[in-house]
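# Examination of the molecular architecture
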Amino acid sequence: MTSGFGGTVPGLPAGGLGGRTAMVTGGGSGIGRACAVALAAAGAIVHVVDVDAGAAAHVAELVGGRAHPADLADPAAIAALPADLDILVNNAGLQHVAAIEDFPPERFELLQKVMVTAPFLLLRRTLPHMYARGWGRVVNVSSVHGLRASAFKSGYVTAKHALEGLSKVTALEGAPHGVTSNCVNPGYVRTPLVERQIAAQAEAHGLPPERVVGEVLLRGSAIKRLIEPEAVAAVALWLCGPHTGHVTGASLPMDGGWTAA
Ligand code: NAD
């Protein structure tokens with residue numbers, strides 16, 4: 001169970017996705033990077049898409065895949081990406097923390113473009129190829145905020161709830177063609193996105209940053225520690241594995257018990 005570049009993939013033999021082609025959006029950092037590593041370790045050819053060209057190139061080199069510098073807010077950039085995929089991981093995302101009355105409309109719009117419209121446009125392009133082969137896996141990296149709301153996150157919560165709906169429709173339409181679509185719903189994961197949020201939340205809540213993780217971010221979580229990106233990637237990989245063909249239209253919380261309360 002070792003990969004070509006020294007990683008291991010719990011639950012899957014190396015090469016289990018041999019012959020499959022995957023695309024990971026936002027693959028240059030955090031959860032996307034971990035997904036690219038896990039999919040490549042399982043044998044998939046991985047297209048790494050990111051607006052950060054250097055990060056995309058670095059991860060593509062790491063996993064022996066191909067880098068695609070692209071701004072997913074731009075439909076023309078999406079139209080230039082490869083469409084012939086077996087696995088699509090809609091992961092790219094960004095956050096903005098502000099009260100609704102202060103939330104810049106252009107930021108709200110940008111979050112919807114990157115986290116809702118881009119997945120839709122990518123699905124439009126890639127589903128026909130999956131249908132033609134009778135197999136496909138769509139993994140949408142949603143969030144606990146696809147299932148629950150938090151104050152000061154109107155753009156993000158709106159986008160993730162929309163992604164949940166898109167994933168379910170994809171599941172219904174893809175079922176006759178062997179295509180599954182699911183959401184993974186992490187709580188707070190140790191990535192640059194969260195590191196940036198700690199400062200923003202400190203300002204929004206008027207708290208010192210060192211109190212933000214326990215008192216704001218993980219207030220609703222029974223487990224009071226951040227999730228590692230590799231744990232999210234392991235769930236994404238499981239959804240692409242041999243035993244999950246009946247898991248579709250689902251949302252899989254890995255939220256430390258947040259939605260149990
Ligand atoms: P991250 O900031 O580490 O990585 C996000 C990546 O997306 C970056 O490489 C960034 O360059 C890329 N990206 C952003 N805008 C883009 C655009 N317009 N076009 C192309 N690429 C773009 O963040 P992360 O924490 O790894 O987040 C990945 C996904 O996981 C996001 O959808 C996020 O909402 C979701 N998520 C994160 C957490 C968390 O706590 N970190 C929790 C739940 C869900």
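Let us look at the structure shown here. (Residues numbered from 1 in each chain as written. Predicted model: local features only at pLDDT ≥ 70, side-chain atom pairs only at ≥ 80, totals over all residues. Heavy atoms only, no water.)

A separate point is the side chain of Arg137. Mapping Arg137 onto the fold places it in strand 5 (residues 136-141). Of the buried charged residues, Arg137 lacks a salt bridge, with Asp86 as the closest side chain of opposite charge at 9.7 Å. A polar contact is formed between the side chain of Arg137 and the backbone oxygen of Leu239, at a distance of 3.3 Å. Those residues in contact with Arg137, other than ones at most four positions away along the chain, are Asp86, Ile87, Leu88, Met130, Gly178, Thr180, Leu239, Cys240 and Gly245. (Helix = DSSP H or I, 4+ residues; strand = E, 2+ residues; numbered from the N terminus. Buried < 20%, exposed > 50% of the residue type's maximum accessible area, 1.4 Å probe, protein only. Lys, Arg positive; Asp, Glu negative; His and termini not counted. Salt bridge = Lys/Arg side-chain N within 4 Å of Asp/Glu carboxyl O. Polar contact = N/O pair within 3.5 Å; in protein donor to acceptor, adjacent residues only side chain to side chain. Contact = heavy atoms within 4.5 Å.)

The tally for this structure, following the rule as stated, stands at four salt bridges. With its nearest N and O atoms 2.9 Å apart, the salt bridge here joins Asp84 to Arg133. Here Asp84, found in the loop between helix 3 (75-79) and strand 4 (87-90), pairs with Arg133, found in helix 4 (residues 105-133); they are 49 residues apart in sequence, far enough to count as distant. In this structure Asp84 comes out as partly exposed when scored by relative accessible area, which is 44%. Close ionic contact of Glu215 with Arg211 constitutes a salt bridge, the shortest N to O distance being 2.9 Å. One end of the pair, Glu215, and the other, Arg211, are both in helix 7 (residues 209-217), four residues apart, so they sit about a helical turn from each other.

Tallying each qualifying case throughout the model produces two aromatic pairs. Both rings, one in Phe103 and one in Phe108, keep their centres 6.2 Å apart while their planes meet at 80 degrees; by these two values the pair is edge-to-face. Under the relative-accessibility criterion, Phe103 is labelled buried at 8%. Classification of Phe108 by relative accessible area gives partly exposed; the value is 28%. Summarising the aromatic geometry, the rings of Tyr188 and Trp258 are spaced 6.0 Å apart at their centres and angled 25 degrees between planes, so their arrangement reads as stacked. Taken as a pair, Tyr188 in the loop between strand 6 (179-186) and helix 6 (192-205) and Trp258 in the segment after strand 7 (251-254) lie far apart in primary sequence, 70 residues in all. (Phe/Tyr/Trp six-rings, centres within 6.5 Å; stacked < 30°, edge-to-face > 60°.)

In this section: the environment of Arg219. If you trace the backbone, Arg219 turns up in the loop between helix 7 and helix 8 (229-239). Separated by 31 residues in the primary sequence, Arg219 and Tyr188 place their C-alpha atoms 11 Å from one another. Ignoring any residue separated from it by four or fewer positions in sequence, one finds Arg219 in contact with Gly214 and Lys224.

Of all six residues making up strand 5, six are buried, and the element is well covered by its neighbours. The alternating pattern of strand 5 places Gly136, Val138 and Asn140 and Arg137, Val139 and Val141 on opposite faces, both of which are buried. The pairing of strand 4 with strand 5 spans four bridges and is classified as parallel. When the bridges of strand 5 are listed, Leu88 appears paired with Val138. Handedness of the crossover joining strand 4 and strand 5 through helix 4: right-handed. (Pairing = 2+ DSSP bridges. Right-handed = clockwise from strand over helix to strand, strands pointing away.)

All right, on to the packing of helix 1 (residues 30-41) against helix 8 then. Closest axis-to-axis distance for the helix 1/helix 8 pair is 8 Å, and the angle between their directions is 50 degrees. As far as their axial angle goes, helix 8 and helix 1 are oblique. Here the hand of the crossing between helix 1 and helix 8 comes out right-handed. Between helix 1 and helix 8, the residues in contact are Gly30, Ile31, Ala34, Cys35, Ala38 and Leu39 and Pro229, Glu230, Val232, Ala233, Ala236 and Leu237, respectively. Within the contact of helix 1 with helix 8, the residues separate by chemical class into 10 nonpolar, one polar and one charged. (Axes fitted to C-alpha atoms, helices over the stretch in contact; angles between N-to-C directions. Parallel < 35°, antiparallel > 145°, perpendicular 65-115°, else oblique. Left-handed = near helix turned anticlockwise from the far one by under 90°. Nonpolar A, V, L, I, M, F, W, Y, C, P; charged D, E, K, R; others polar.)

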